[in-house]
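# Notes for the structure review
Residue strings, one per chain:
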Amino acid sequence: MELYEYVIEALDTISEWDDNDTSNKARRLRSSILDIEFVISLFVLNKGFSIGLPLSKFLQKPNIDLKLAVQLANDTQKELQEIRTHADDVFKEIFEEVKVVAEKFDIEIKIPRLTKKQTNRCNIPLNTPEQYYRASIFIPYLDKFITELEERFNVHRSILSGFDSLFRENGPIEDIIILSNKYIEDLQNDGSQNQIIEAEYKLWQRKLMQTTEKPNNAVEAMAMCNQLIYPNIFKLLQILVTLPVSSATNERTFSNLKRIKTYLRNSMSEGRLNGLAMLSINKNYSIKPEEVIEELARKKRRLPYYKKLLICINKS
């Protein structure tokens, strides 16, 4: 949005170059982005992405809480549904902004030619350009956005529905029993698992009643949960904290590998690549020389420890 004017100016300059191939591509690209459908789509995307930006940033964090992620996804979906309900008024504001840009760059706002049979674009017989582009671009985009959010977080909502009982003061016992049976292998099991979980859960509910500041997520709940008193509740909260929400952290690892093993380092061995990758991924951790010496001392080597220490000191 902010660079649109400068992109047009740059393409104008490039289209005057002596290189015919480059100048022709610049002219074609300039003609495409000066099309009214592109401009309207740009403003519509700007509206939708501004609403989804907080959720996108949250999902890219290394420490993501499933409960907060689902809550933010639900809020984003509700906001989009609210815009969908008032699509006429919202798109009217967007269309007024489009008119300003169209007037500045001399872009004609008109309805595309309609035919009886159209396969490559929308073919909606409406009276005004505003009605046409609202029905062909804005509303389908909102419907697709809402549907994708619903499908993307369906699994997360079903998982979180069981863990919700850990945050409710008056939740039914059956919910915690079903949840504990699902993770029975990770909990303390001495033959009377359901009775122990039921007793712990009732005590945990009383603690929640007595707490003025209720936990909003699993990390806060773990901080107030005593592992010695509520071992099974603590373990369930620990499972909730470690449940994956997105693959952003894993993707960062592959991005690091792409930056490390470049074309100039194509012959790098696997051992060196693993070492450089570990250094790059864990660059925020500070390692002291004493810790390295202690780690080396634990391994059996031919040289005595004092000789290895002298070698390390001499090298440093």
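Every value quoted in this text rests on a predicted model; they were computed, and no experiment measured them.

### Comments concerning the overall build of the protein chain
For the protein chain, the helix and strand inventory stands at 15 helices and zero strands. Burial status across the protein chain gives 33% buried among its 316 residues. A total of about 21,500 Å² of accessible surface is found on the protein chain, and carbon and sulfur atoms cover 52% of it.

### Side note on the packing of helix α12 (residues 248-260) against helix α13 (residues 270-281)
α13 packs onto α12 with a crossing angle of 125° between their chain directions and a minimal axis gap of 10 Å. It follows that α12 is oblique to α13 by the angle criterion. Crossing of α12 against α13: the hand is right-handed. Between α12 and α13, the residues in contact are T253, N256, L257 and I260 and L273, L276, A277, S280 and I281, respectively. Split into classes, the residues belonging to the contact of α12 with α13 amount to six nonpolar, three polar and no charged.

### Things to note about the packing of aromatic side chains
Applying the stated rule across the entire model yields seven aromatic pairs. Here F163 and Y183 contribute two aromatic rings whose centre-to-centre distance is 5.7 Å and whose plane-to-plane angle is 45°, an arrangement assigned as tilted. With F163 in helix α7 (residues 154-163) and Y183 in the loop between α8 (173-182) and α9 (193-210), this residue pair connects regions lying 20 residues apart in the sequence. The class for F163 is buried, based on a relative accessible area of 1%. Directly above the ring of F167 sits K67, whose terminal nitrogen or CZ lies 4.6 Å from the centroid. Across from the ring centre of F153, 5.0 Å away, lies the NZ or CZ of R152, which sits over that ring.

### Description of the layout of surface pockets
What the largest pocket holds in volume is close to 270 Å³. If you go around the largest pocket, the residues you meet are P62, T249, R252, T253, N256, I281, N282, N284 and Y285. Per-element accounting of the lining of the largest pocket gives the leading share, four residues, to α12. Across the lining of the largest pocket, the residue classes tally to three nonpolar, five polar and one charged. Each pocket or cavity is described by its volume, and for the second largest pocket that value is around 220 Å³. Here the lining of the second largest pocket is built from residues that sort into eight nonpolar, five polar and one charged.

### Notes on unusual backbone geometry
The backbone of D106 sits at a positive phi, close to 60°, despite the residue not being glycine. Inspection of the secondary structure puts D106 in the loop between α5 (87-104) and α6 (129-152).

### Here we look at the confidence of the model for the protein chain
Looking at the protein chain as a whole, the pLDDT averages 83, with 89% of positions reaching at least 70. Within the protein chain, no element has a lower average pLDDT than helix α15 (residues 305-315), which sits at 59, and none a higher one than α5, at 93.

### Focus: the environment of R259
With respect to the helices, strands and loops of the structure, R259 is situated in helix α12. For R259, a relative accessible area of 56% puts it in the exposed group. In this structure the C-alpha to C-alpha distance between R259 and S280, which are 21 residues apart in sequence, comes to 9.8 Å. At a separation of 2.8 Å, a polar atom in the side chain of R259 contacts the side chain of N256.

### Brief notes about helix α11 (residues 231-242)
Over its twelve residues, α11 extends 17 Å from the first C-alpha to the last, a length consistent with the 16 Å expected when each residue adds 1.5 Å. Those residues of α11 lying buried are P231, N232, I233, F234, L236, L237, I239 and L240.

### Side note on the nonpolar core
Counting 70 residues, the largest nonpolar core has F163, I176 and W204 as the members making the most contacts within it. Examining the composition of this core, we find that ten residues originate from one element, α6, more than from any other. If sequence neighbours within four positions are ignored, F163 has contacts with L179, Y183, L236, I239, L240 and L243.

### A closer look at the side chain of S180
Mapped onto the fold, S180 is located in helix α8. The class of S180 is buried, set by a relative accessible area of 0%. Contact partners of S180, with chain neighbours within four places excluded, come to L187 and I197.

### So, the pattern of salt bridges
This model, assessed by the stated rule, comprises eleven salt bridges. For the salt bridge of R134 with D88, the shortest nitrogen-to-oxygen distance reads 3.1 Å. Residue R134 is found in helix α6, and its partner D88 is found in helix α5; the two are separated by 46 residues along the sequence. Among the residues examined, D88 registers a relative accessible area of 45% and is labelled partly exposed. The salt bridge involving E96 is made with K99; its shortest N-O contact spans 3.6 Å. Here the residue E96 and the residue K99 both occupy positions in helix α5, the gap between them amounting to three residues, near one helical turn. What makes E96 partly exposed here is its relative accessible area of 40%.

About the criteria used
- Residues numbered from 1 in each chain as written.
- Predicted model: local features only at pLDDT ≥ 70, side-chain atom pairs only at ≥ 80, totals over all residues.
- Heavy atoms only, no water.
- Helix = DSSP H or I, 4+ residues; strand = E, 2+ residues; numbered from the N terminus.
- Buried < 20%, exposed > 50% of the residue type's maximum accessible area, 1.4 Å probe, protein only.
- Areas by Shrake-Rupley, 256 points an atom, 1.4 Å probe, with all protein chains shown as cover.
- Axes fitted to C-alpha atoms, helices over the stretch in contact; angles between N-to-C directions.
- Parallel < 35°, antiparallel > 145°, perpendicular 65-115°, else oblique.
- Left-handed = near helix turned anticlockwise from the far one by under 90°.
- Contact = heavy atoms within 4.5 Å.
- Nonpolar A, V, L, I, M, F, W, Y, C, P; charged D, E, K, R; others polar.
- Phe/Tyr/Trp six-rings, centres within 6.5 Å; stacked < 30°, edge-to-face > 60°.
- Lys NZ or Arg CZ within 6 Å of the ring centre and 35° of its normal.
- 1 Å grid on protein atoms, 1.4 Å probe; cavity = no way out; pocket = protein on both sides within 12 Å on 5 of 7 lines; lining within 4 Å.
- Points joined across faces, edges and corners; volume = space filled by probe spheres on them.
- pLDDT = per-residue confidence, 0-100.
- Polar contact = N/O pair within 3.5 Å; in protein donor to acceptor, adjacent residues only side chain to side chain.
- Expected span 1.5 Å × (residues − 1).
- Core = buried A, V, L, I, M, F, W, Y, C linked by side-chain atoms within 4.5 Å.
- Salt bridge = Lys/Arg side-chain N within 4 Å of Asp/Glu carboxyl O.

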